[in-house]
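Residues per chain are reported as follows:
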Amino acid sequence: MQLRQDKGVSRKFEELIKLALERGFFTSASEIYSDAPAGFWDYGPLGAAMKRKFIELWRRELVRRDCMLEIDGAQILSKSVFKASGHLDSFVDPIARCSKCGAIYRVDKLIEERTGLHVPERLNLDEMRRIVEENDVRCTRCGGKLTGYYYFNMMFRIGIGVAEADAYLRPETCQNIFVDFLRLYKTMRRKLPFAIAQYGKSFRNEISPRQGLLRMREFYQAEIEVFFNPNRANDFPKADAVMDYELRLQQVGESEPSEITCREALSQGLISSKLVAYYLALIQQFYEKAGIPKERIRLRQLGEDEKAFYAVEAWDLEVETSLGWIELVACNNRGDHDLGGHQRMSGQEMEVLDDGQKILPHVFELSMGVDRSLYCILENFLDLENGKTILRLPPYLAPIDAAILPLVSREPLTSKAMEIYDELRRDFDVEYDDSGSIGRRYMRYDEVGVPICITVDYQTMEDDTVTIRFRDSAHQIRVDVSDLPCLMRGWLAYP
RNA sequence: GCGGCCGUCGUCUAGCCUGGUCUAGGACGCUGGCCCCCCGAGCCAGCGGUCCCGGGUUCAAAUCCCGGCGGCCGCACCA
């Protein structure tokens, strides 16, 4: 049930991009230059503030809730890291060029398209060339022969120092976590199972970035890597608390998700272990806390042909938008792919003691696309009814907590409003605004999701009370100025 | 990267086909003033445009031609 439109992007997508540009959520990077490459975006003040609040929710609902360790790693990592992780060899597309017209093709896709033969993921270039020649696969445009076979690696390669030694911008944040695993395990005094989290930038040289924040070349990930003993993945008492929680699972071959408790999913064998069930529950709950309605969330199981090269079990958390279902979190069981790879490559033994024996931990990850998540949340709460734009964000995700507005731009109301602004602005993200009629200002702040407006009027001058006007209902109440900090903390509180 | 459509103030757009009257017009927004107002009020003034970039044709290019860059959709890839 894709909601994808036949023509153009959705109206909501367009309105959101427009709002983002006009009000400072995000804008394309290098904008004023005509050579600005696609796939790079700058967050403006409101976007940066909202992202900060989103990450704070992530810390609250995942990192702190589950006692994870959070690190902040380098974005440039050595070539060896990516040899070990497999990205150097496997994070590639096989490419060939038409010798006549220069058209560029993905060889595996072209073979499948022309011959119907399925090309396995890890077939090497020579074999692909052989298949091309045996089946006389040619350029679809001019019929020319294919030449110049090579692998296009989606990592950005960079040169370090004057010698320009090969290194790469990380294509996923988690490699730092794997490389640092043993030191963290030893120094932070953890026992399996435990998780390490990281929020930061990743870089992928996408062939064709599209759709604003949804596919970028430089993007934020918030990743969680859970290290566990594969023999004891069901010895996991923490999961008991979520056993009756209903996951919205969509298995391979199904077209709709179905709600099923963790307990039931485990007994039917849909999920490999209690540990995996627990983390799937946590991530689904996180998006519910972010305000996405449950029926717009699904955990879709990936088939063999869809999974990343390192995954042995994979679920994507997806959210339904006006553009269709968008993948926000890859939930992958990476097995021992990463620690095993780094152990072989570095010679550093990665095995740890658990349950009386040395084992190489397996990894289950929750790899979240932050920018995509922000898009989906913004779109979800964008209300365009009645010719007005109201961004009905949960208060704890709103970039601005409150606006402080003198009813009219005249003394002593302006000074009084400024006084309240001075009083609040170190504890809250508040703005002062006396420009334009009060109605216009209410609308202005509705558009960017400010949940409450604090209006200073003539009565304020008499009894030190202000009008509180709520974004979602437009209802007003009167409160004492001295009660504002306490009341605001309540209105902005997490659920 | 291919194919289709497209690119004019912050945003939306008129003009492009039929080159000159365009030193590019309007609306919304924004700024200042009057007004002093509890849900986008009104009036006045103002700011704001490399017409995506580069080249070509022409006496003359937003307009015609070529190349590039970018956007959207489709193919594909993915957080």
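If you're wondering where the values come from, they're calculated on a predicted model, not measured in any experiment.

Draft legend 1. Quick look at the overall build of chain A. Counting secondary structure elements, chain A contains 15 helices and 26 strands. Along the first, second and third principal axes, the C-alpha set of chain A runs to 90 × 65 × 55 Å. For chain A, the proportion of its 495 residues judged to be buried stands at 53%. Working note: accessible area of chain A is about 23,200 Å², and carbon and sulfur atoms make up 46% of it. Taking the average location of the 66 positive side-chain charges in chain A and that of its 79 negative ones, the two points are 3 Å from each other.

Draft legend 2. A look at the state of the cysteines. Applying the stated rule across the entire model yields 0 disulfides. Considering cysteine sulfurs only, Cys331 is the nearest to Cys262, which forms no disulfide, with 12 Å between them. Relative accessible area serves as the criterion here: at 0%, Cys262 is assigned to the buried category. With no disulfide partner, Cys376 has as its closest neighbouring cysteine sulfur the one in Cys331, 14 Å distant.

Draft legend 3. Here's a closer look at the nonpolar core. Ranked by internal contacts, the top residues of the largest apolar core, which has 91 residues, are Trp58, Ile271, Tyr279, Ile283 and Tyr287. Residue contributions to this core peak at 11 residues, all from helix H9 (residues 274-289). Each of domain 1 (11-77 + 170-381) and domain 3 (400-491) contributes no fewer than three residues to this core.

Draft legend 4. Structural context of the layout of surface pockets. A volume near 220 Å³ is recorded for the second largest pocket. Forming the boundary of the second largest pocket are Lys53, Pro395, Tyr396, Asp401, Asp427, Phe428, Asp429, Met488, Arg489, Leu492, Ala493 and Tyr494.

Draft legend 5. Molecular detail of the packing of helix H7 (residues 174-187) against helix H10 (residues 337-346). Packing of H7 against H10 leaves a shortest axis separation of 10 Å and a crossing angle of 60°. With respect to H10, the axis of H7 lies oblique. You can see that H7 and H10 cross each other, and the crossing is right-handed. Where H7 abuts H10, its residues Gln175, Phe178, Val179 and Phe181 lie against Asp338, Leu339 and His342. Partitioned by chemical class, the residues of the contact of H7 with H10 number 4 nonpolar, 2 polar and 1 charged.

Cut-offs used in this document
Residues numbered from 1 in each chain as written. Chains lettered and ligands numbered in written order. Predicted model: local features only at pLDDT ≥ 70, side-chain atom pairs only at ≥ 80, totals over all residues. Heavy atoms only, no water. Helix = DSSP H or I, 4+ residues; strand = E, 2+ residues; numbered from the N terminus. Buried < 20%, exposed > 50% of the residue type's maximum accessible area, 1.4 Å probe, protein only. Areas by Shrake-Rupley, 256 points an atom, 1.4 Å probe, with all protein chains shown as cover. Lys, Arg positive; Asp, Glu negative; His and termini not counted. Charge placed at Lys NZ, Arg CZ, Asp CG, Glu CD. Disulfide = S-S within 2.5 Å. Core = buried A, V, L, I, M, F, W, Y, C linked by side-chain atoms within 4.5 Å. Domains from an automatic or database assignment. 1 Å grid on protein atoms, 1.4 Å probe; cavity = no way out; pocket = protein on both sides within 12 Å on 5 of 7 lines; lining within 4 Å. Points joined across faces, edges and corners; volume = space filled by probe spheres on them. Axes fitted to C-alpha atoms, helices over the stretch in contact; angles between N-to-C directions. Parallel < 35°, antiparallel > 145°, perpendicular 65-115°, else oblique. Left-handed = near helix turned anticlockwise from the far one by under 90°. Contact = heavy atoms within 4.5 Å. Nonpolar A, V, L, I, M, F, W, Y, C, P; charged D, E, K, R; others polar.

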